[in-house]
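Coordinate analysis (summary)
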Amino acid sequence: MIKELTKAEEQVMLILWEMGEALVKDVIDKMNEPKPAYNTVSTVIRVLEGKGFVDHKAIGNTHIYFPIIKETDYKKFAIDKVMNNYFENSYESLVSFLVKEKSMSNEELNEIIQLAEKLKKDK
């Protein structure tokens, strides 16, 4: 079962999903300034291993880390959580929120409707 990520864990996972595999220093290189300490990122990656998101292959003393949970699977988990917690599993409530609170234009709303209709047909 997928578990929720902290912001730090999510930041590392986004980098690992983008890179496919990486050393700790590669992950740090991709982070914005101010960059966290090596030990901090290393600890976050080990926590991600414990949560079942990341694995590694050892080459000598070096560990190359790679994701074992797909980004699309985590996106689905995250969207399901938002839908359940904030929109009572109602896509109508979600779209209503986007239109009202995020000033979605009619054009953007029509694009969503067209996309939804296309995806229905492709099922």
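Calculation rules
All residue numbers refer to positions counted from 1 along the written sequence of the respective chain. Residue-level local features of this predicted model are given only where pLDDT is at least 70; pairs of side-chain atoms are given and counted only at 80 or more, and the full residue set underlies all totals for whole chains, interfaces and linings. Only hydrogens and water are set aside; all other atoms, that is, all heavy atoms of the structure, feed into the side-chain values. Aromatic rings from Phe, Tyr and Trp, taking only the six-membered ring of Trp, are treated as a pair when their centres fall within 6.5 Å; an angle between ring planes under 30 degrees marks them as stacked, one over 60 as edge-to-face, and anything in between as tilted. Going along the chain from the N terminus, every DSSP run of H or I of four or more residues is numbered as a helix, and every run of E of two or more is numbered as a strand. Relative accessibility decides the category of a residue: with a 1.4 Å probe and only protein chains considered, values under 20% of the type maximum give buried, values over 50% give exposed, and everything between is partly exposed. At least two bridges found by DSSP between two strands is the condition for calling them paired. Throughout the structure description, domain borders are defined by an automatic or database domain assignment. Residues belong to one nonpolar core when they are buried, are Ala, Val, Leu, Ile, Met, Phe, Trp, Tyr or Cys, and are joined through side-chain atoms within 4.5 Å. Contacts are assigned to residue pairs that have any heavy atoms within 4.5 Å of one another.

Some thoughts on the packing of aromatic side chains
- Tallying each qualifying case throughout the model produces four aromatic pairs.
- Ring centres of W17 and Y74 lie 6.1 Å apart, and the angle between their planes is 35 degrees; this geometry places the pair in the tilted category. Highlighted residues: W17 in helix α1 (residues 7-19) and Y74 in helix α4 (residues 71-86), separated in sequence by 57 residues.
- By relative accessible area, which is 16% here, W17 ends up buried.
- Among the residues examined, Y74 registers a relative accessible area of 7% and is labelled buried.
- Ring geometry for F53 versus Y74: centroids 5.8 Å apart, planes at 70 degrees, classification edge-to-face. On the criterion of sequence distance, the pair formed by F53 in the loop between α3 (38-50) and β1 (54-59) and Y74 in helix α4 is long-range, its members being 21 residues apart.
- Every member of this aromatic cluster is reached through a ring pair, and the members are W17, F53, Y74 and F77.

Here's the deal with the pairing of β1
- In this sheet, strand β2 (residues 62-67) lies alongside β1 in antiparallel orientation, the contact comprising six bridges. Among the inter-strand pairings, V54 is bridged to a residue of β2, identified as P67.
- If you look at the hairpin formed by β1 and β2, you'll find two residues sitting between the two strands, and G60 has a positive phi there, around 65 degrees.

Concerning the domain arrangement of the protein chain
- Here the protein chain is partitioned into domain 1 (7-67) and domain 2 (90-122).
- For domain 1 versus domain 2, the distance between C-alpha centres works out to 35 Å.

Brief notes about unusual backbone geometry
- A cis amide bond, omega -10 degrees, links E33 with the succeeding residue P34.
- Mapped onto the elements, P34 comes out in the loop between α2 (24-30) and α3.

A closer look at the nonpolar core
- V27 and F53 are the most contacted members of the largest nonpolar core, which has 21 residues in total.
- Looking at this core, the elements with two or more residues in it are α1, α2 and α3.
- The leading source of residues in this core is α1, at five residues.
- In this structure V27 touches V12, I15, L16, A22, V41 and I45, once residues within four positions along its chain are discounted.

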